[in-house]
Amino acid sequence: MAQVELKNISKIYEGSDVPAMENANITVSDKEFVVFVGPSGCGKSTTLRMIAGLEDISSGELFIDGKKMNDVPPKDRDIAMVFQNYALYPHMTVYDNMAFALKMKKTPKDEIERRVRGAAKILNIEQFLNRKPKALSGGQRQRVAVGRAIVRDPKVFLFDEPLSNLDAKLRVTMRAEISALHHRLQATMIYVTHDQVEAMTMANRIVVFNVGKVQQIGAPLYLYNHPVNKFVAGFIGSPPMNFIRLQVTEEGGRIVLDEGSFKLRPADEHEQYLKTYAGKEVYFGIRPEDLSYAESAGAEGIMPLGVSVIEPLGSETTLWLRSEKGEELIAKTGPDRIFKIDEKANFTPCMKKAHYFDIKTEMSILPLPE
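Everything in this summary refers to the structure shown in the same document. (Residues numbered from 1 in each chain as written. Predicted model: local features only at pLDDT ≥ 70, side-chain atom pairs only at ≥ 80, totals over all residues. Heavy atoms only, no water.)

1. A closer look at the packing of aromatic side chains
Applying the stated criterion across every chain, the model contains eleven aromatic pairs. Aromatic pair Phe243 and Phe357: ring centres 5.9 Å apart, planes at 70 degrees, arrangement edge-to-face. Here Phe243 is found in strand E11 (residues 242–251), whereas its partner Phe357 is found in strand E20 (residues 355–358), with 114 residues between them in sequence. Look at Phe284 and Tyr356: their rings are 5.8 Å apart centre to centre, the planes differ by 50 degrees, and that puts the pair in the tilted class. Of this pair, Phe284 sits in strand E14 (residues 281–286) while Tyr356 sits in strand E20, and the two are 72 residues apart along the sequence. Of the two residues, Phe284 and Tyr356, neither departs from the other in class, the shared state being buried. Taken together, Phe33, Phe157, Phe159 and Tyr191 form an aromatic cluster joined through their ring pairs. If you follow Lys230 out to its NZ or CZ, it ends over the ring of Phe243, 4.7 Å from the centre. Just above the ring of Tyr283 sits the side chain of Lys230; from NZ or CZ to the centre is 4.7 Å. (Phe/Tyr/Trp six-rings, centres within 6.5 Å; stacked < 30°, edge-to-face > 60°. Helix = DSSP H or I, 4+ residues; strand = E, 2+ residues; numbered from the N terminus. Buried < 20%, exposed > 50% of the residue type's maximum accessible area, 1.4 Å probe, protein only. Lys NZ or Arg CZ within 6 Å of the ring centre and 35° of its normal.)

What follows is the structure, given as structure tokens:
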């Protein structure tokens, strides 16, 4: 059972007072595909490197397959790592690159042959086995790097931003290939990326990092629908969630959210959680796909907005909008309605899908379902 467990793992580099990672508690179950995601410098790659044994653990405990690994050398952890820069030997053929680790272990030649050709078949690189890395494209080199990991038959696969050097179209293809590979191998995989689209499309569960701390762990759609704080809400989803500051007021015994140029009424099920904020401001969050064009004007729940930027994408159009107070928002609309720059247009948010965050703590005001 290749379960990976991090208990209060922290990393502080020498000469620094700020932890690169602080008290990470993460459990990756056997055969699970978990993605570490977050902006540059958030601690996700540092955490992966501690699992691999390439970074020392300052405090806490790491277990792989139930065994404590804090002081175990990388070569004895039964893991395989795929790097961003492929890390292939340029003077060796593809076959020799894939076979290298097995040769170092003095694996019998016929077993090496079976494993290398089996991995090459899975990755569709059989025709490249006699070539050297310089004769391959970026995508082909990445397949070789993955193949080198597969032949080792490790307990855990670690991927450190393996697609970031590829062009956009090839990244989409390789995303699908790695997901299919996980399904085929039924292996435990931990994958690091700063691209939340990769995280959403590939993961069984996502671990969101920021400033050296784990922010939230959950299934992709759970994080999308129930972010624990403003950071997770803004990081998960593309384009990102809109945030505007609204004043919480009471009118006729009902809660009203006042921007100054428009007023919104929260969904009935949200109202009770906003009552304690009466007289205060909150962050109102709404996703671009939950902000719809409205023909009517002047009614409650209508947001009059100016069109700043138009991005036609064929099947949909992305609009950059601005309120009279200067609040900026993004909306997704269908391709049928043609908008013009500086046009005044009315939009209405789906209040049942709205999110609210405390101004000071930036934590969600709405409770998170289990």
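Anyway, onward from the coordinates.
2. Here we look at the sheet that holds E14
Note: strands within a sheet are paired through backbone hydrogen bonds, in either parallel or antiparallel orientation. Judged by pairing direction, the sheet is antiparallel, and its five strands sit side by side in the order E13-E12-E11-E14-E20 without closing on themselves. The sheet is open, and its two borders are formed by strand E13 (263–264) and E20, each paired with just one other strand. (Pairing = 2+ DSSP bridges.)

3. Re the layout of surface pockets
Where empty space is left becomes clear once a probe the size of a water molecule has been rolled over the atoms. Quantified by volume, the largest pocket comes out at close to 460 Å³. Taken together, 19 residues make up the lining of the largest pocket; nearest its centre are Met81, Phe83, Ala101, Arg148 and Arg152. Those elements that provide at least two residues to the lining of the largest pocket are strand E6 (79–82), helix H2 (94–104) and helix H4 (138–150). Each residue belonging to the lining of the largest pocket can be placed in one class, and the counts come to 14 nonpolar, one polar and four charged. (1 Å grid on protein atoms, 1.4 Å probe; cavity = no way out; pocket = protein on both sides within 12 Å on 5 of 7 lines; lining within 4 Å. Points joined across faces, edges and corners; volume = space filled by probe spheres on them. Nonpolar A, V, L, I, M, F, W, Y, C, P; charged D, E, K, R; others polar.)

4. Side note on the pairing of E20
Of the two faces of E20, the one lined by His355 and Phe357 and the one lined by Tyr356 and Asp358 are each fully buried. Relative to E20, E14 is paired through four bridges, and the arrangement is antiparallel. Counted as the bridge partner of Gly285 is His355 from E20.

5. Thoughts on helix H1 (residues 44–52)
With seven of nine residues buried, H1 lies mostly within the body of the structure. Within H1, the full set of buried residues consists of Lys44, Thr46, Thr47, Leu48, Met50, Ile51 and Ala52. With its phi angle positive at about 90 degrees, Gly53 sits one or two positions after the end of H1.

6. Focus on the side chain of Asn97
In this fold, Asn97 is placed in helix H2. Aside from chain neighbours lying at most four places away, what touches Asn97 is Leu88, Tyr89, Met92, Pro133, Val144 and Arg148. (Contact = heavy atoms within 4.5 Å.)

7. A few points about the pattern of salt bridges
Evaluated as defined, the whole model comprises 21 salt bridges. Notably, a salt bridge pairs Lys75 with Asp76, separated by 3.3 Å at the nearest N-O pair. A salt bridge links Lys352 to Glu269; its shortest N-O distance comes to 3.6 Å. Pair noted here: Lys352 is in the loop between strand E19 (344–349) and E20 and Glu269 is in helix H9 (residues 268–274), with a separation of 83 residues, a long-range link. With relative accessibility at 59%, the residue Lys352 sits in the exposed group. The exposure class assigned to Glu269 is partly exposed, which follows from its relative accessible area of 36%. The network of salt bridges with common partners includes Lys11, Arg49 and Glu55. (Salt bridge = Lys/Arg side-chain N within 4 Å of Asp/Glu carboxyl O.)

So yeah, pure geometry; function would need other evidence.
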